[in-house]
Amino acid sequence: MTDTDTIVALSTPPGSGAIGVIRLSGTQAISIVSRVFKGKELEAQETHTLHFGLITDGNIVLDEVVVGLYKTPRSYTRENVAEISCHGSNYIIQQIIQLLIRKGARAARPGEFTLRAFLNGGMDLSRAEAVADLIASNSKASHEVAMQQMRGGFSKELAALRDQLIHFASMIELELDFGEEDVEFANRGQLKQLILQIGAVLDRLIASFETGNVLKNGVPVVIAGKPNVGKSTLLNALLNEERAIVSDIAGTTRDTIEDELNIGGVLFRFIDTAGIRETADLIEAQGVARTREKMKQARLIIYMADALQQPAEIRAQLEELQALDIPHLVLINKADLLGAEGKEAFAGIDAFFLSAKEGKGVEDLKKVLLEKVNLHRINTDETLVTNIRHVEALKNTSAALERVLQHIDAPVASDFLAMDIRQALHYLGEITGTVTTDDLLENIFSKFCIGK
Ligand code: GDP
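Definitions and cut-offs
- Residues numbered from 1 in each chain as written.
- Predicted model: local features only at pLDDT ≥ 70, side-chain atom pairs only at ≥ 80, totals over all residues.
- Helix = DSSP H or I, 4+ residues; strand = E, 2+ residues; numbered from the N terminus.
- Buried ≥ 20, exposed ≤ 12 C-beta atoms within 10 Å, placed from the backbone.
- Contact = placed C-beta atoms within 7 Å.
- Axes fitted to C-alpha atoms, helices over the stretch in contact; angles between N-to-C directions.
- Parallel < 35°, antiparallel > 145°, perpendicular 65-115°, else oblique.
- Left-handed = near helix turned anticlockwise from the far one by under 90°.
- Expected span 1.5 Å × (residues − 1).
- Pairing = 2+ DSSP bridges.
- Nonpolar A, V, L, I, M, F, W, Y, C, P; charged D, E, K, R; others polar.

Scanning the protein from terminus to terminus reveals 14 helices and 13 strands. Looking at the 452 residues of the protein, the share that counts as buried comes to 38%. Of all intrachain contacts in the protein linking residues separated by at least 6 positions in sequence, the fraction that spans at least 24 positions is 64%.

Dropping the structure here:
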């Protein structure tokens, strides 16, 4: 997949801006720019320096720019890299890119800069993927996780495991070389010990995906409750805008509506649902089925009732919720309508009272939500797996190691052991990129935006 073309692309978002950065990478990156740059002899300049000058197309001055130079191997891609900071007009940017292409560069494909960084040994695959996550991160928590992964915390842990396994694999391969002779270089007891140890690390990494995924994609919170208790009103109050439809007719929120909200640095995905209620209405019945499905995926269920509801009914619903075994929070809305006995009537129900319509209690509710999901205090220095591809590879590694264990317990020929260990190594290698196929690379890097 490596080629010697010099590639070019806009690295800042398309559209007008104060500046636009055009990046080139490849053997010819600096010489191509020097052909259109007036001011200095760029090729004679040191690496990691900035140069002010003009970009000209023949007699036409296209822009005043600053060019940054990064010479191989001290650059992102480890190739020669030039970055032209020009004025952020779409027209100027397109003119300069077209000019550079005429002078010998080629338009970069999505993710091609990062692909080159990977292929040239600048970073391993999981770190390259973290770059994509970093660009996509939209909350403090997802940013921290991507940052941690990009710095290589995740890869380091796996590389160490892989080294230990490789050691055993080679010992066992050695046994194979001795064929008939009954020798055991790899101590089976020690091998078992190592595999159990690795297994524990794998289990922890696989389990961390739940948290990692939630930090990256948002905490799924289902808002359930009878129609008309104020679910849409609450969602609107949380989001501060009229997103869901509010109405007086029971059952108007027919389908599920999802909205994202950043609370205290954690991204929440609120899922408003059609009420938990048996109904003859076909459309709504489908909505109810979907509610149940969504509930199972929730990290937290908000069960909402209103102050006019019978406490007995709320208690009955609570029992159903408890059976689901998912963390939940009971909200009693319309606190403004509480009767003379006030909250007394709901004694024994552990609930949070608010008035969504008047916005009373909404800010406190945000704090309660943060406490409930308990993610804001997650130590992001710890390795968190956020990538579904990594989880799959970890699970496959785990399964292969499980087979090794079985084979140790029911002694089989060394070649079976060797085969299973090799498989485990293969799957671990898939994460860090020690083992890659073109399909896999294509799949990963095509998700990047052009210019990255
Ligand atoms: P949903 O069916 O659960 O989504 O309920 P809606 O959000 O559509 O609200 C139903 C009705 O209750 C609307 O008329 C709202 O204005 C009203 N409502 C919502 N929250 C409150 C509240 O805190 N106090 C009062 N008095 N009415 C509310």
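From this point on, the discussion continues.
Mapped onto the secondary structure, Leu 324 falls in helix 10 (residues 311-324). Its 13 C-beta neighbours within 10 Å are what place Leu 324 among the partly exposed residues. Each C-alpha atom, one on Leu 324 and one on Ile 301, is 9.9 Å from the other, the two residues being 23 residues apart in sequence.

Look at helix 5 (residues 140-150) against helix 7 (residues 188-217): their axes get within 7 Å of each other, and the N-to-C directions meet at 125 degrees. On the basis of the axis angle, helix 5 is oblique to helix 7. With respect to the hand of their crossing, helix 5 and helix 7 are arranged in left-handed fashion. Contact residues: Ala 141, Ser 142 and Val 145 in helix 5; Gly 212, Leu 215 and Lys 216 in helix 7.

Now for helix 10. Taking 1.5 Å of rise per residue, 14 residues should cover 20 Å, and helix 10 covers 20 Å from first to last C-alpha, within 8% of that figure. Helix 10 sits mainly on the outside: one of its 14 residues count as buried.

Pairing in this open sheet of seven strands is mixed, and the strands run 3-4-5-6-2-1-7 from one edge to the other. In the strand order of this sheet, the two ends are held by strand 3 (37-38) and strand 7 (106-107), each with one partner. Two elements, strand 2 (residues 17-25) and strand 6 (residues 81-88), share eight bridges in a ladder whose sense is antiparallel. The residue of strand 6 that forms the bridge with Ile 19 is His 87. Sheet strands touched by helix 2 (residues 90-102): strand 1 (7-10), strand 2, strand 4 (49-57), strand 5 (60-70), strand 6 and strand 7. Its angle to strand 5, the strand with the most contacts, is close to 70 degrees.

Another aspect to go through is the packing of helix 7 against helix 12 (residues 388-409). For the pair helix 7 and helix 12, interaxial distance at closest approach is 10 Å and the crossing angle is 155 degrees. Judged by the inter-axis angle, helix 7 sits roughly antiparallel to helix 12. Note that helix 7 runs across helix 12; the crossing there is left-handed. Here Arg 188, Leu 191, Lys 192, Ile 195, Ile 198, Gly 199, Leu 202, Leu 205, Ile 206 and Phe 209 of helix 7 lie close against helix 12, whose contacting residues are Val 391, Leu 394, Lys 395, Thr 397, Ser 398, Leu 401, Val 404, Leu 405 and Ile 408. A breakdown of the residues in the contact of helix 7 with helix 12 according to their chemical character gives 13 nonpolar, three polar and three charged.

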